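# Notes for the structure review
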Amino acid sequence: MDDPRNRQYTNGEITVFWEPSKCIHATTCFRELLEVFNPGRRPWVNMEGASSRKIIEVVNKCPTQALTWKYNSDLSREEQESVSQKNGTKDEVTPETLTETEEQSRPVSIKIMRNGPIIVEGEFRIIGPEGNELKTLRMTSFCRCGNSGRMPFCDGTHRKIGFTDHNG
Amino acid sequence: MRLQQAQFRILKDGPLEVTGNFVILDARGEEIEKEGPVYLCRCGGSRNKPFCDDTHKTGNFSG
């Protein structure tokens, strides 16, 4: 049976299929390509954020096939019809909202990615430089390279500038 | 005593202060630290990554 939370996103050339029930929060998609896969945004998939080739490369790395893709020319009639009905919406489920049932007592997981950002998962608060509370999230990534264009969060700039963990 | 909810404080032009109930893991999933407060480098220049060593004060990091 088709899950009503499933979504499809297209750029006219390829279509990406999102099946939240298969997601295990490996976070590969937004660690690799935050320009396209960003759980902090709605819709959380922006097909204009990178080339089809790059999107395909990252979707292929999804360990559970929660994300899959097809060339639009290979879509079945049903899939073509449902693209228009199931594209991104404001109330869609993302890898971030999926964790909402987790216990509050569980420690927040802070993972230092090699040559990359800090990935945070769990129940936490973010306080900005002026003491203001920033949007509370279940999952986010903080910049560690010092050059993000959307501080304090990662925007993928670390790859462009060749940031490394090498000290000095 | 139950630890408080984890909190991330963005220090102006400085590191990320982490307090509360958390665990920090390296890229291989091994635990590095779980007791706060911890200060994580945000400027990219620390010689003690992922922790802050005050290098941000010598450069022109803003954010």
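Here the structure is a predicted model, which means the values were calculated and not measured.

Secondary structure assignment for chain B yields zero helices and five strands. In chain B, the succession of helices and strands from N to C terminus is β-β-β-β-β. Looking at chain B as a whole, 32% of its 63 residues are labelled buried. Across chain B, every contact between residues at least 6 apart in sequence was considered, and the portion connecting residues at least 24 apart equals 18%.

Another point: the pairing of strand β2 (residues 16-19) of chain B. All names here are of chain B. By the alternation rule, side chains of β2 split into L16 and V18, which are all buried, and E17 and T19, of which none is buried. A loop of five residues connects strand β1 (residues 6-10) with β2, the two strands running antiparallel in sequence, and D13 in this loop sits at a positive phi of about 55 degrees. Relative to strand β5 (residues 38-40), β2 runs antiparallel, the two being bridged by three bridges. Among the inter-strand pairings, E17 is bridged to a residue of β5, identified as Y39.

Many authors give the size of an interface as the accessible area that is lost as the parts come together. Every contact between the two is made by 31 residues of chain B and, on the other side, 31 residues of chain A. Taken together, the elements giving at least two residues each to the side of chain B that touches chain A come down to β1, β2 and β3 (22-25) of chain B. Looking at the side of chain B that touches chain A element by element, the count peaks at five residues for β1 of chain B. Among the residues forming the side of chain B that touches chain A, the class breakdown is 16 nonpolar, seven polar and eight charged. As judged from the four bridges shared by strand β4 (residues 108-112) of chain A and β3 of chain B, these two strands associate in the parallel manner. Residue pairing in the sheet places V108 of chain A in a bridge with F22 of chain B of β3 of chain B.

Residue and element names in this part refer to chain A. Relative to the elements of secondary structure, V59 occurs in helix α2 (residues 52-59). The class for V59 is buried, based on 24 C-beta atoms found within 10 Å. Note: C-alpha distance between V59 and L33 (26 residues apart in sequence) is 9.6 Å. V59 has contacts with V16, L67, T68 and W69, leaving out every residue within four places of it along the chain.

Now for the pairing of β3 of chain B. Across the two faces of β3 of chain B the burial differs, with F22 and I24 of chain B buried and V23 and L25 of chain B not buried at all. Adjacent in sequence and paired antiparallel, β3 of chain B and strand β4 (residues 31-33) of chain B are bridged by five residues, among which G29 of chain B carries a positive phi angle near 90 degrees.

We now examine the sheet that holds β5 of chain B. Taken in spatial order, the four strands line up as β6(A)-β1(B)-β2(B)-β5(B) in an open sheet, and their pairing is mixed. The open sheet has two edge strands, β6 (124-127) of chain A together with β5 of chain B, and neither has a second partner. The sheet shows a mean angle of 20 degrees between the axes of neighbouring strands, taken without regard to direction.

Inspection of the secondary structure assignment puts I10 of chain B in strand β1. Residues I10 of chain B and G63 of chain B, spaced 53 residues apart in sequence, show a C-alpha to C-alpha distance of 8.8 Å. The residues touching I10 of chain B, leaving out its near neighbours within four places in the chain, are I127, G128, P129 and P152 of chain A together with L16 of chain B.

Let us now look at the confidence of the model for chain B. Residues and elements named next belong to chain B. For chain B, the average pLDDT comes to 90, and 95% of its residues sit at 70 or higher. Taking the mean pLDDT of every element in chain B, the minimum, 91, falls on β4 and the maximum, 97, on β5. Across the interfaces of the predicted complex, the ipTM metric reaches 0.90, alongside a pTM of 0.57.

Basis of the calculations
- Residues numbered from 1 in each chain as written.
- Chains lettered and ligands numbered in written order.
- Predicted model: local features only at pLDDT ≥ 70, side-chain atom pairs only at ≥ 80, totals over all residues.
- Helix = DSSP H or I, 4+ residues; strand = E, 2+ residues; numbered from the N terminus.
- Buried ≥ 20, exposed ≤ 12 C-beta atoms within 10 Å, placed from the backbone.
- Contact = placed C-beta atoms within 7 Å.
- Pairing = 2+ DSSP bridges.
- Nonpolar A, V, L, I, M, F, W, Y, C, P; charged D, E, K, R; others polar.
- Axes fitted to C-alpha atoms, helices over the stretch in contact; angles between N-to-C directions.
- pLDDT = per-residue confidence, 0-100.

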